[in-house]
Amino acid sequence: MSLREQLCDYGRRAVELGLVIGTSGNLSVREGELVAVTPSGVALDRLTPEMCPVVDVEGHLVEGELQPSSETPMHLAVYQTTDAQAIVHTHSVFGTVVATTMTELPPVHYNALLLGGTVRVAAYATYGTPELAANVRAAMEGKRAALMANHGGVTIGATLEEAFESTRLLEWLCEVYVRGLSVGKPAILTDEQLNAVIERALNPPVFPRRL
Ligand SMILES: [Zn+2]
């Protein structure tokens, strides 16, 4: 599947799963110095491959009739400072709830380690601005995900599939935390507990074969 076809595929899934509504949210995937990105002003479930612009890592339009997503500067800033090959940005409900009320998403479940543990909330700035791009870049340091204050969430991956799955995980973690807060006081995993999870993942038990 071409990069632009992947954008259409995952764009449709993002709408189907309710991670975005209307023309909100944007995806990109990188190959070398080029980045295919969803266009501005088109709902993610109505994309065709030709609609998706291609830009270079400096932000010059290389291919396509439509303008790249307004959040393209944020995508490019993240590509500059991480090993990301794909980026997913949505306005998912629980992610946005956390980003509107908190400064970080604490690790309440060990799967948070897949995103780098605690997820930071990037300071608020107007959408599409270099300030927001810089804030997200800072919040993403050492992580696979960040939340954006009063805005939404962003995840990175080695593939678009990986970035998309991280967005689903981020939303699930936010939902667990927010629903947990409505029931009681969610316990936060300690560094010791998280380190034990890493240790366990690195050393899985091998079941001996019955002779
Ligand atoms: Zn946005």
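This is a predicted model, so every value here is computed, not measured.

Asker: With reference to specific residues and values, describe the sheet that holds strand β8 (residues 145-148).
Answerer: With mixed pairing, nine strands are arranged side by side in an open sheet as β4-β3-β2-β1-β5-β9-β8-β7-β6. Looking at which strands have only one partner, the edges of the open sheet turn out to be β4 (61-63) and β6 (104-105). Packing against the sheet, helix α1 (residues 3-16) makes contact with β1 (26-31), β2 (34-37), β3 (54-56) and β4, and its axis sits at approximately 155 degrees to β1. Across the sheet, helix α5 (residues 160-183) lies against β1, β5 (86-90), β6, β7 (119-122), β8 and β9 (152-157), angled at about 140 degrees from β9, the strand it touches most.

Asker: Describe the packing of aromatic side chains, and please don't skip the residues or the numbers.
Answerer: Going through the model one piece at a time under the given rule, you end up with one aromatic pair. The aromatic ring of Y10 is capped on one face by R13, whose charged end is 4.5 Å from the ring centroid.

Asker: Could you give an account of the pattern of salt bridges, with specific residues and numbers?
Answerer: The full count for this structure, using the stated rule, is eight salt bridges. Of the charged contacts, one joins D9 and R13 as a salt bridge, the two residues approaching to 3.2 Å between their closest N and O atoms. One end of the pair, D9, and the other, R13, are both in helix α1, four residues apart, so they sit about a helical turn from each other. Judged by relative accessible area, which is 12%, D9 ranks as buried. Taken together, the shared-partner salt bridges connect D9, R12, R13 and E16 into one network.

Asker: Give me the coordination of the zinc ion: which residues, what numbers.
Answerer: Coordination of the zinc ion by the protein involves H89 (NE2), H91 (NE2) and H151 (NE2), with metal-donor separations of 2.0 to 2.1 Å. The sequence motif formed by the donor residues of the zinc ion is H-x1-H-x59-H. In this pair, H89 sits in strand β5 while H151 sits in the loop between β8 and β9, placing the two residues 62 residues apart along the sequence. The exposure classification of H89 matches that of H151, with both residues buried.

Asker: Before we move on, can you summarise the environment of V20 with the specific residues and values?
Answerer: Position of V20 relative to the elements: it lies in the loop between α1 and β1. Classification of V20 as buried rests on a relative accessible area of 3%. Note: C-alpha distance between V20 and H89 (69 residues apart in sequence) is 9.0 Å. Not counting residues up to four positions away in its chain, the partners in contact with V20 are A14, V15, G25, L44, T90 and H91.

Asker: How would you explain the packing of helix α3 (residues 93-101) against α5 if you had to name every residue and give the values?
Answerer: One way to put it is that α3 packs onto α5 with a least axis distance of 7 Å and a crossing angle of 60 degrees. Judged by the angle between their axes, α3 and α5 are oblique. Handedness of the crossing formed by α3 with α5: left-handed. The segment α3 lies against α5, with V93, F94, G95, V97 and V98 engaging E171, C174, E175, V178 and R179. Split into classes, the residues belonging to the contact of α3 with α5 amount to six nonpolar, one polar and three charged.

So, how was this worked out
- Every chain's residues receive numbers from 1 upward, in the order its sequence appears when written.
- At least 70 in pLDDT is required for a residue's local features to be given in this predicted model, at least 80 for side-chain atom pairs to be given and counted, and no such filter applies to totals for whole chains, interfaces and linings, which use all residues.
- Side-chain calculation: all heavy atoms of the structure are included, whereas hydrogens and water are not.
- One bridge is not enough; two strands pair if DSSP finds at least two bridges between them.
- Labels follow the DSSP assignment, with helices taken as runs of H or I lasting at least four residues and strands as runs of E lasting at least two, numbered in each case from the N terminus.
- In this description, contact between two residues means that some pair of their heavy atoms is separated by no more than 4.5 Å.
- To obtain an axis, a line is fitted to C-alpha atoms, over the contacting stretch when the element is a helix, and the angle between two such axes runs from 0 to 180 degrees between their N-to-C directions.
- Pairing of aromatic rings covers Phe, Tyr and Trp, the last through its six-membered ring, and needs centres within 6.5 Å; plane angles under 30 degrees mean stacked, over 60 mean edge-to-face, and all others mean tilted.
- Ring-over charges, as used throughout, are those where CZ of Arg or NZ of Lys falls within 6 Å of the ring centre and within 35 degrees of the ring normal.
- Salt-bridge detection follows one rule: a side-chain nitrogen of Lys or Arg within 4 Å of a carboxyl oxygen of Asp or Glu.
- Using a 1.4 Å probe on the protein chains alone, a residue whose accessible area is under 20% of its type maximum counts as buried, one over 50% counts as exposed, and one in between counts as partly exposed.
- Counted as coordinating are nitrogen, oxygen and sulfur atoms within 2.8 Å of the metal, or 3.2 Å for Na, K and Ca, while water is not included, which may make sites look incomplete.
- Should an angle fall under 35 degrees it is called roughly parallel, over 145 degrees roughly antiparallel, and 65 to 115 degrees roughly perpendicular, with every other angle called oblique.
- Crossings are classed by handedness, with left-handed meaning an anticlockwise turn of the near helix from the far one by less than a right angle and right-handed meaning a clockwise turn.
- Just so you know the grouping, Ala, Val, Leu, Ile, Met, Phe, Trp, Tyr, Cys and Pro go in nonpolar, Asp, Glu, Lys and Arg go in charged, and all remaining residues, Gly too, go in polar.

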